[in-house]
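Close look at the chain arrangement
Residue-level listing of the chains:
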Amino acid sequence: MGNIVAIVGRPNVGKSTFFNRLIQRREAIIDSVSGVTRDRHYGKSDWNGQIFTVIDTGGYIVGSDDVFEAEIDKQVELAIDEADAIIFIVDVETGVTPMDEDVAQLLRKVNKPVLLAVNKVDNNKRLENAVEFYSLGLGEYFPIASTNGSGTGDLLDALIEAM
Ligand code: GDP
Ligand code: MG
């Protein structure tokens, strides 16, 4: 089995924050790739001795949250082709959005491990609110807070197991 992990989701959910946390100790390896993949950042990470490549998708329009659903779909489809496992990040602060539902619809058809991470779960109220993401039809989710790392260990344990 390969070891490429793609992080997908709509803008502002915390993909890059999570990515930066993962590749923290190997920052020198981060690179931008030109051409069709110019919006994607690649990094190396390891968890419990398992080394893997992480792709941070997005960066669509610099300085703007105004992104077309089609662009996100394109990133998700690239990720589906390229990656061995996908981490789909959503944001408990906004709750489920139509774009989340759109991405979930693409990911439900994928025959690869898909892990749903509900980010910005910074307190107990948000932990309760996270249950609404069951409606995406992707099963169990991982509540995380990328800014402080809470919950990310359980997510990475599951990722390694799934790969
Ligand atoms: P991206 O567009 O999906 O890559 O999202 P970013 O990583 O750029 O993060 C968007 C915003 O969400 C930034 O202001 C982050 O600081 C914030 N953010 C990311 N993770 C968390 C979190 O765990 N908790 C909170 N409260 N904010 C977060
Ligand atoms: Mg980003």
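Definitions and limits used
Residues numbered from 1 in each chain as written. Chains lettered and ligands numbered in written order. Predicted model: local features only at pLDDT ≥ 70, side-chain atom pairs only at ≥ 80, totals over all residues. Buried ≥ 20, exposed ≤ 12 C-beta atoms within 10 Å, placed from the backbone. Helix = DSSP H or I, 4+ residues; strand = E, 2+ residues; numbered from the N terminus. Pairing = 2+ DSSP bridges. Near = placed C-beta within 6 Å. Nonpolar A, V, L, I, M, F, W, Y, C, P; charged D, E, K, R; others polar. Core = buried A, V, L, I, M, F, W, Y, C linked by C-beta atoms within 7 Å. Contact = placed C-beta atoms within 7 Å. Arc of directions from axis to C-beta.

Under an unreviewed UniProt entry, the name given to the chain is GTPase Der, and the organism recorded is Christiangramia antarctica.

1. Things to note about the pairing of strand S5 (residues 85-91)
Counting buried residues in S5 gives seven out of seven residues, a clear majority hidden from the surface. Here S5 shows two buried faces, one formed by Ala85, Ile87, Ile89 and Asp91 and the other by Ile86, Phe88 and Val90. The pairing of strand S1 (residues 4-8) with S5 spans four bridges and is parallel. Directly across from isoleucine 7, in S5, lies its bridge partner isoleucine 87. Bridging between S5 and strand S6 (residues 114-119) involves six bridges; their strand directions are parallel. Among the inter-strand pairings, isoleucine 89 is bridged to a residue of S6, identified as alanine 117.

2. Concerning the site of ligand 1
Among the 15 residues in the neighbourhood of ligand 1, the closest are listed as Gly14, Lys15, Ser16, Thr17 and Ala145. No other element matches helix H1 (residues 15-22), which puts three residues into the shell around ligand 1. Here the shell around ligand 1 is built from residues that sort into three nonpolar, nine polar and three charged.

3. Points about the nonpolar core
Grouped together as the largest cluster of nonpolar side chains are 42 residues, with contacts concentrated most on Ile7, Ile86, Ile87, Phe88, Leu116, Ala117 and Val118. Sort the elements by how many residues they give to this core and S5 lands first, with six residues. Apart from residues lying up to four places away in sequence, phenylalanine 88 is in contact with Val8, Gly9, Val103, Leu107, Val114, Leu116 and Ala117.

4. Some remarks on helix H3 (residues 98-107)
Looking at H3, one finds that the buried residues are Asp100, Val103, Ala104 and Leu107. One face of H3 carries all of its buried residues, which in axial projection span an arc of 105°. Among the exposed residues of H3, those oriented more than 90 degrees off its buried face are Pro98 and Glu101.

5. With respect to the environment of alanine 130
With respect to the helices and strands, the residue alanine 130 is situated in the loop between helix H4 (124-129) and strand S7 (141-143). Of the residues examined, alanine 130 has 20 C-beta atoms within 10 Å and is grouped as buried. Between the alpha carbons of alanine 130 and glutamate 77 there is a distance of 26 Å; along the sequence they are 53 residues apart. Non-local contacts of alanine 130, meaning those with residues more than four positions away in its chain, are made with Val92, Val118, Val121, Tyr141 and Pro143.

6. Section: unusual backbone geometry
Phi is positive for asparagine 12, which is not a glycine, with a value near 80°. Following the sequence through the fold, asparagine 12 ends up in the loop between S1 and H1. Given 14 C-beta atoms within 10 Å, asparagine 12 falls into the partly exposed group. Of note, asparagine 48 is a non-glycine position whose phi angle comes to about 50°, a positive value.

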